Amino acid sequence: MLRSQMMRKIMLAALFLLACGVAGNPTDISTGKEVEEQLRQQLLERDERISDLEETVKALKSTSSREVALRENHEENGTTVEARLAALETLVHNAGVQEMKQELAVMHEVMFDGQDTGTTAWLLVCSALVLLMTIPGLALFYGGLVRVQNVLSTVMQSFSIACLITVMWSAFGYSLAFSTGSPIFGDGNKFWLRNISMHHPHPLNPKIPEPLFVIYELMFAIITPALISGAFADRMRFGSMLLFMAVWHLVVYCPITHSMWMTDGFLFKAGILDFAGGNVVHIAAGCSGLMSSLVVGQRAGFGAENFQPHNILVSVLGASLLWVGWLGFNGGSAGADLKLGSVAVLNTQVAAATASMTWMITEWIIRKRPSVLGIISGSLAGLVTITPGAGYVNNTGAFVFGLLAGPVCYFAAQLKHRFGFDDALDAFGIHG
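Reading the values: the criteria
- Residues numbered from 1 in each chain as written.
- Predicted model: local features only at pLDDT ≥ 70, side-chain atom pairs only at ≥ 80, totals over all residues.
- Heavy atoms only, no water.
- Patch = residues over 30% accessible without salt bridge, like charges linked within 9 Å, V, L, I, M, F, W, Y side chains within 5 Å.
- Areas by Shrake-Rupley, 256 points an atom, 1.4 Å probe, with all protein chains shown as cover.
- Salt bridge = Lys/Arg side-chain N within 4 Å of Asp/Glu carboxyl O.
- Lys, Arg positive; Asp, Glu negative; His and termini not counted.
- Charge placed at Lys NZ, Arg CZ, Asp CG, Glu CD.
- Helix = DSSP H or I, 4+ residues; strand = E, 2+ residues; numbered from the N terminus.
- Buried < 20%, exposed > 50% of the residue type's maximum accessible area, 1.4 Å probe, protein only.
- Expected span 1.5 Å × (residues − 1).
- Bend = angle between axes of the 7 residues up to and from the residue.
- Contact = heavy atoms within 4.5 Å.
- Polar contact = N/O pair within 3.5 Å; in protein donor to acceptor, adjacent residues only side chain to side chain.

### Considering a negative patch on the surface
On the surface, a cluster of negative charge is contributed by Glu45, Glu48, Asp52, Glu54 and Glu55. Along the chain, Glu54 turns up in helix α2 (residues 26-95). Classification of Glu54 as partly exposed rests on a relative accessible area of 31%.

### Structural notes on helix α13 (residues 395-413)
With 19 residues, α13 extends 26 Å between its outermost C-alpha atoms, agreeing within 8% with the 27 Å of an ideal straight helix rising 1.5 Å per residue. Remark: the principal bend of α13, roughly 30°, maps to Ala405, with a proline, Pro407, within the next four residues. Every buried residue of α13 is accounted for by Gly397, Ala398, Gly402, Ala405, Gly406, Cys409, Tyr410, Ala412 and Ala413. Among the structural elements, α11 (338-367), α12 (372-386), α14 (415-419) and α15 (427-431) are those in contact with the buried residues of α13. Regarding α13, its N-cap is Asn394, as a side-chain oxygen of that residue lies 3.2 Å from the backbone nitrogen of Thr396 further along.

### Side note on the pattern of salt bridges
Under the defined criterion, the tally for this structure stands at seven salt bridges. Across the pair Arg235 and Asp422 runs a salt bridge whose closest N-O atoms are separated by 3.5 Å. Here the residue Arg235 occupies a position in the loop between α6 (210-228) and α7 (238-261), and Asp422 occupies one in the loop between α14 and α15, the gap between them amounting to 187 residues. Here Arg235 and Asp422 have matching classes, each one buried. Notably, a salt bridge pairs Asp422 with Arg299, separated by 2.8 Å at the nearest N-O pair.

Functional significance is not addressed by these values, which are geometric in nature.
As structure tokens, this is what we get:
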């Protein structure tokens, strides 16, 4: 604005001088006035244009200021976001994500103790299956094989043994068998199931709670003396039988179990393999059955009378339940290794079926006809034979086990006639 005022004064001064120079000539004066008027108009237009330009500049400056402010605000916000991200990263870093993961893993370990729910469920089922082998499986199998007057006493033996051994196992047996101690016996640290908690697994199977390990191994302890009762069927008083089974459980079964399966046992250290109880259950029961039959003596009429089974159909039902339960007997012995358990189940089935056929064929050749008792006895022979190696061989090995089990156990069952011992229900012939 100051510059435009100065220009206006300069122009007026020039006009004044021009007017003074041509004062004597009216025409010139008139011309000077016109020129002055034209110049005045041009100055006004120029002032208007300058004002417009100044307004435009102001508007541009205002727009630029807003843009700068917006840019600065954007940059400030961007910095704030970055700062917040950096702060968050610092917080996460300071919190220690890896440490948090480790703490969560420890919390999970504390809550579940490293136990596997799938393995726990499988062992629960296997425990029920193995109990099914004794009651009602073995009770029906033995009950159908004896004479009619001894059916109830034979069934009573299996049932009462299951009850007796449960109490003995809880009070003394489990601790003697599965506590650390000497190479033969465990110590008394777990008498009456003391120091046993669902939060602390047994070292032999750390994927399940120890109470489940107790009940699963109890099923093995129950069926073993029940198998012995078949050797002296028809001829032992009930009270004497209970006393014998209680003592036998403590002084025979528990030390064999400890020495075979516990890491401080002398048989375990010697490298002897027993996958599911070939030594612990079957050899122990078979040989003890032989000894008990020799001590008790023969039945009245042995060798002269024909001791035919009173109801073979009941025995077939019992043998079938034994076969089903044996899948849990061998399959559950793999513990948390369910893949190995599936192999054991397959091998068990193959061996049982093969031994059934080979026993039947052997009997067919020698006696000129097969029998129902022969085929169910063959299935048990195959089941017994595959037990110690169910998890150590493939299906070809299982087939060979069954192939040999049928004829070998058939001839072993005939030894009682040759040597005169009364193994009433072939406990030694099949299991020993």
